[in-house]
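As a plain string of letters, each chain reads:
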Amino acid sequence: MENKRIMSPRNSGLDVLRVLTAVLITSIHYIGYSHVIEIGGGVNKVWLVALYSLSRVAVGEYIITSGYFMAEKTMNFSKIVKLEAKVVFYSVLLGGVSLAVKFGEGTVSNIVRTFFPLMTDTYWFFTAYVLFCLFTPILNLILEKYTERTLKISLVIAWGIITVLLKANPFTSGINYMGTSRSVIWFAFLWLVGGTIKKYPIMVSKKVYAIIFVAAYIVIFVSYWMNINWPTNVLLYEDCSILPSLMTISLFVLFKDIKIGTVISAKMSYLATLAFGVYLVQEHCLVREHYWKLFDANKMVESPRMILQFLMAVIIPFLVASLMEFLFGVIWKKTCGLRSLRQIR
């Protein structure tokens, strides 16, 4: 009997959101490795601040989307193994090419981090995500056992504790309790939000979510534009603080049911598969600093061509990720295919 793999239907709205996430991750690095918001002015400052304000949702959207699709599914360790293999493949190939063209420094530390990305925190998101995946069976039990009312009340209380009590409280440091927006606790919260949205209907009108998103976005935009310095322990820009978290959840709800044409949908679906690779390409320890020196935003801050520089910085990781995904797919298919044939024999 021939085994046919059943493919889950793509969600075109969330594919678009994932592509947007990849662009926003790039914008975080493009702006973060420079001082353009502080020193810039004119038209360039408008779109830079607009992008940077929106980028507060980038990481969170990836986790909510994972929860939306993975909720109530059995944890598959083979997927984690494949993800680890992919990251090692990216890391070793990128590291080798970088050293060959003298794009990075071949220190002992960089070489170790290149070959062992999970254990050396080469990609912080990957390490955090793998650790978080180990807890998804527990989160699935929560989704299964809790009633809709209990689950939603618990999420509201958890959101209040994380964003208000820990992040907006000037008398305490949230890092003592939940390790900031990179922690397993924050990832678990977002994953449960995605799973709850998938399992239960949204009772609030999407207009309300749109208003919440716009209001939160405007406050963050104005704060960045005017360089407002909030009290030291009041963290209003971090992904897990009040305003960015409201933006993240609202934007997910707004994109979730978007429908687009078949042709565009197919292209977005393909680009969405590259989103994680785009992150891996630009955040490699031998690549990132040299890449952002190549696309030095500080030198273009007053230039009308700055937007072109940014677009090139966005496009190149997508192109490299496309090639890497193709090569990894060929190698993985051959190695797994041979293993399957041996098992049959």
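Quantities reported herein were computed from a predicted structural model and do not represent experimental measurements.

A short note on the environment of K167
Part 1: Within the secondary structure layout, K167 lies in the loop between α9 (148-166) and α10 (175-178).
Part 2: Using a relative accessible area of 1% as the deciding quantity, one classes K167 as buried.

Observations concerning the packing of helix α1 (residues 12-32) against helix α3 (residues 42-54)
Think of two packed helices as two axes; the pair is described by the angle between the axes and how far apart they sit.
Part 1: Relative to each other, α1 and α3 sit at 120°, their axes nearing to 9 Å. The angle between α1 and α3 falls in the class oblique. In this structure, the crossing between α1 and α3 has a hand that is left-handed. Of the residues in α3, those in contact with L24, S27, I28, Y30 and I31 of α1 are W47, L48, L51, Y52 and L54.
Part 2: Residues that form the contact of α1 with α3 fall into these classes: 9 nonpolar, 1 polar and no charged.

Topic: the packing of aromatic side chains
Part 1: Evaluated as defined, the whole model comprises 26 aromatic pairs.
Part 2: Considering the side-chain rings of Y291 and F295, the 5.0 Å spacing of their centres and the 50° angle between planes classify their relative orientation as tilted. Judged on exposure class, the residue Y291 and its partner F295 are both buried.
Part 3: Taken together, the aromatic side chains of Y62, Y123, W124, F125, Y129, F132, F187, W191, F276 and Y279 make up a single cluster linked through ring pairs.
Part 4: Its guanidinium or amino end placed over the ring of Y52, R56 lies 4.9 Å from that ring's centre, counting from NZ or CZ.
Part 5: The ring centre of Y68 lies 5.0 Å from the NZ or CZ of K198, which sits over that ring.

How each quantity is defined
- Residue positions within a chain follow its written sequence, with the count starting from 1.
- The predicted nature of this model means local features are confined to residues of pLDDT at least 70 and side-chain atom pairs, given and counted, to a pLDDT of 80 or more, with totals for whole chains, interfaces and linings taken over all residues.
- Think of the side-chain values as coming from all heavy atoms in the structure, minus any hydrogens and water.
- The secondary structure listing takes helices from DSSP runs of H or I that are at least 4 residues long and strands from runs of E that are at least 2 residues long, numbered from the N terminus.
- Burial classification: accessible surface area is computed with a 1.4 Å probe over protein chains only, and a residue below 20% of its type maximum counts as buried, one above 50% as exposed, and the rest as partly exposed.
- Lines fitted to the C-alpha atoms define the axes, with helices restricted to the stretch that makes contact. Angles between their N-to-C directions range from 0 to 180 degrees.
- Oblique is the label for every angle not falling under 35 degrees (roughly parallel), over 145 degrees (roughly antiparallel), or within 65 to 115 degrees (roughly perpendicular).
- For a crossing to be left-handed, the near helix must be turned anticlockwise from the far one by less than a right angle; the clockwise case is right-handed.
- The contact definition used throughout considers only heavy atoms, calling two residues in contact when any of these lie within 4.5 Å.
- In this classification, Asp, Glu, Lys and Arg are treated as charged, Ala, Val, Leu, Ile, Met, Phe, Trp, Tyr, Cys and Pro as nonpolar, and every other residue, Gly included, as polar.
- Aromatic rings from Phe, Tyr and Trp, with only the six-membered ring used for Trp, were paired whenever their centres fell within 6.5 Å, and each pair was classed as stacked if the ring planes differed by under 30 degrees, edge-to-face if by over 60, and tilted otherwise.
- A ring has a charge above it when a Lys NZ or an Arg CZ is no more than 6 Å from the ring centre and no more than 35 degrees off the ring normal.

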